[in-house]
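If you want the building blocks of each chain, they are given just below.
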Amino acid sequence: MGEPELTPMQRALRLARQALGTTSPNPSVGAVLVRDGVVVGEGYTLPPGQRHAEIGALEQAGPAARGASLYSTLEPCCHFGRTPPCTRAVIAAGVAEVHLAVIDPNPRVQGQGSRELEAAGIRVLVGEEAGPAGELYEAFAKHIATGLPYVSAKFAMSLDGKIAAYTGDSKWITGPEARDLVQQIRRESDAVMVGVNTVLADDPQLTVRQHVSGPQTGRQPLRVVLDSRGRTPSQARLLREPGKTLIFTSQEAGAEHAQRLTSAGAEVFAVPAAPSGMVDLGAALRELGRRGVVSLLVEGGGTLLGSLFDAGMVDKVYAFVAPVIIGGRQAVSPVAGQGVAKMAEAWRLSNPRMQPVGSDWLIVGYPQARR
Ligand SMILES: NC(=O)c1ccc[n+]([C@@H]2O[C@H](COP(=O)([O-])OP(=O)(O)OC[C@H]3O[C@@H](n4cnc5c(N)ncnc54)[C@H](OP(=O)(O)O)[C@@H]3O)[C@@H](O)[C@H]2O)c1
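Here the residue index of a chain counts from 1 through its sequence in written order. Two thresholds apply to this predicted model, a pLDDT of at least 70 for residue-level local features and 80 or more for giving and counting side-chain atom pairs, whereas whole-chain, interface and lining totals are computed over all residues. Values shown for side chains rest on all heavy atoms present in the structure; no hydrogens or waters enter the calculation.

An account of the pattern of salt bridges is requested, with residue identities and associated values reported.
The working definition used for a salt bridge is a side-chain nitrogen of Lys or Arg within 4 Å of a carboxyl oxygen of Asp or Glu. For the structure shown, the criterion picks out 11 salt bridges. In this structure, the salt-bridge partner of E135 is R353, at a minimum N-O distance of 3.1 Å. Within this pair, whereas E135 is found in helix α5 (residues 130-136), its partner R353 is found in strand β13 (residues 348-357), the two being separated by 218 residues in sequence. Remark: exposure states derive from per-residue accessible area (1.4 Å probe, protein chains only) relative to the maximum for the residue type, with buried under 20%, exposed over 50%, and partly exposed in between. You can call E135 partly exposed: its relative accessible area is 24%. Classification of R353 as partly exposed rests on a relative accessible area of 39%. Only runs of H or I of at least four residues qualify as helices and only runs of E of at least two qualify as strands under DSSP, and these elements are numbered from the N terminus.

Below, the structure is given as C-alpha cells:
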C-alpha cells in the first residue's frame, strides 16, 4: 500500500517539519501553491537571512502563481526583518486565495499579515490543520513571548521506572526504533542538554547521526552540559564531535577548569550558583534564549530533570517506556529532585498521547501543576 495522499496543507506541514531545527530563531514554515488542483510550487524556510517558505513556493511556480491558492503553515510575515515582507510578494504574484494553518504568535505580525492580504483583495482562510501546526510553533510562541527556550524533557525508562541499573549501566533500555525517534527529536531541536553525571557515566556523543531523515545539512544541535565544578573530562566524546559544546559552570568553579575545557574544544560560560551550589537554571536558560535557542531537549539524568521539574521549568515531556524490569532500590529514576509532597500537587500531563515505537511506548504530553 502506498502513502495516503496528503492534502496541500498536510504537505506544507511536512515541509515545515523538515526544516525544524535549522531556522531558529525564526519559525519553520512550509508553503504549497496549488492551481487547478495541481501543485505548482512549494518551499520551506531556509536558515535565518535566507528565503522564507512562501518565496520558495512563489519562485518555483513563476507565472503559475497567478490565480493560485497558497497553503501556508503560518501567517506570512508583513515586516522588514532580515528579509522583505512575504505579504508583498504574495500580493505581487497575484495569488487568489491564502489558507493559513495558524496566525503568527509574533506580536509584530499576529493578524496583521492576514489583514494586509485581505486589504489587497485576497481571500484568507485560517485554521486548517491548526492542531499539528500549533504544536509545530509551540516553542517559537514561548521564545517570542518570553525570550526563553521551550524545554522538553526526554527520558527512557523501564516498566519499573528506572533509567539505569544500580551500577549506572543504561545501554540500552529501549530498542533501535525508539533510539531513532530520539535522533529525530534531536534533529528538530536547537540544543540538547545533560547534567555532568550523564557525561561521566555514559560518555554520550549527543549528535544527530547521518541516517536520520530530513535535509542533510550536517548541522548539529548545540550540546549543553550543566557542570558547576568543571568535572567534564577533557576526553569526553561530546567535545570531539562536529558542532559546538557549551558548558555552564558556576562562577565559583575557578579559571583553571575553564581553561582546560576551552582547550578541549568547549565554550565555558559561568553563571551564578543556585542556593544548591549547582548551576542556576534560570540564568542558563536565559543565556540560551539570548543565543537564539528556541527549542531545548533535556536528555537527563534524573538529577537535572528533578531540578527542572522542581523549578516548574518543563514545558513538554517525551517519556519512552520499555517492557523491561530493572529493579534495585539504588537504581535511579527519571526525575529526582525534591518532588511533590502530595499526589494532589503532582505534575499531570495534559493531552497525553501514547504511541507504540518498535517494542516500546512513547508518551508525550504537557506537565500541568495542580497547586
Ligand atoms: N535512560 C535515560 O533516559 C537516561 C538519560 C540520561 C542519563 N541516564 C543515566 O542517569 C545517570 C546520571 O543521572 P544523575 O541523576 O546521576 O545525574 P545528571 O542529572 O546527569 O547530572 C547531575 C549533575 O549535574 C550537575 N548540575 C549542575 N547544575 C545542575 C542543576 N541546576 N540541577 C541539576 N544538576 C545540575 C550537578 O553536578 P555538579 O554539582 O558537579 O555540577 C549534578 O549532580 C547515569 O547512570 C545515566 O546513565 C539515563
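Read on, since the account is not over.
Got a sec to walk through the domain arrangement of the protein? Specific residues and values, please.
Here the protein is described as being made up of domain 1 (8-138) and domain 2 (149-368). Note that domain bounds follow an automatic or database assignment of domains. Each of domain 1 and domain 2 was reduced to a C-alpha centroid, and the two centroids are 33 Å apart. Working rule for contacts: check all heavy atoms of both residues, and any pair within 4.5 Å makes them a contact. Across the contact, 10 residues belong to domain 1 and 13 residues belong to domain 2. Two parts placed together each lose some accessible area under a 1.4 Å probe, and adding up what both lose gives the buried area. Three residues stand out in domain 1 for area buried against domain 2, namely G21, E135 and E138, and they jointly supply 44% of the buried area on that side. For the pair domain 1 and domain 2, the interface holds 3 salt bridges. When the shortest N-O distance is used, the salt bridge between K316 and E138 registers 2.6 Å. In the analysis that follows, any N or O atom pair within 3.5 Å is treated as a polar contact, provided that within protein one partner can donate a hydrogen and the other can accept it, and provided that, for residues neighboring in sequence, both atoms belong to side chains. Inspection of the region where domain 1 meets domain 2 yields 7 residue pairs in polar contact (both at pLDDT 80 or more).

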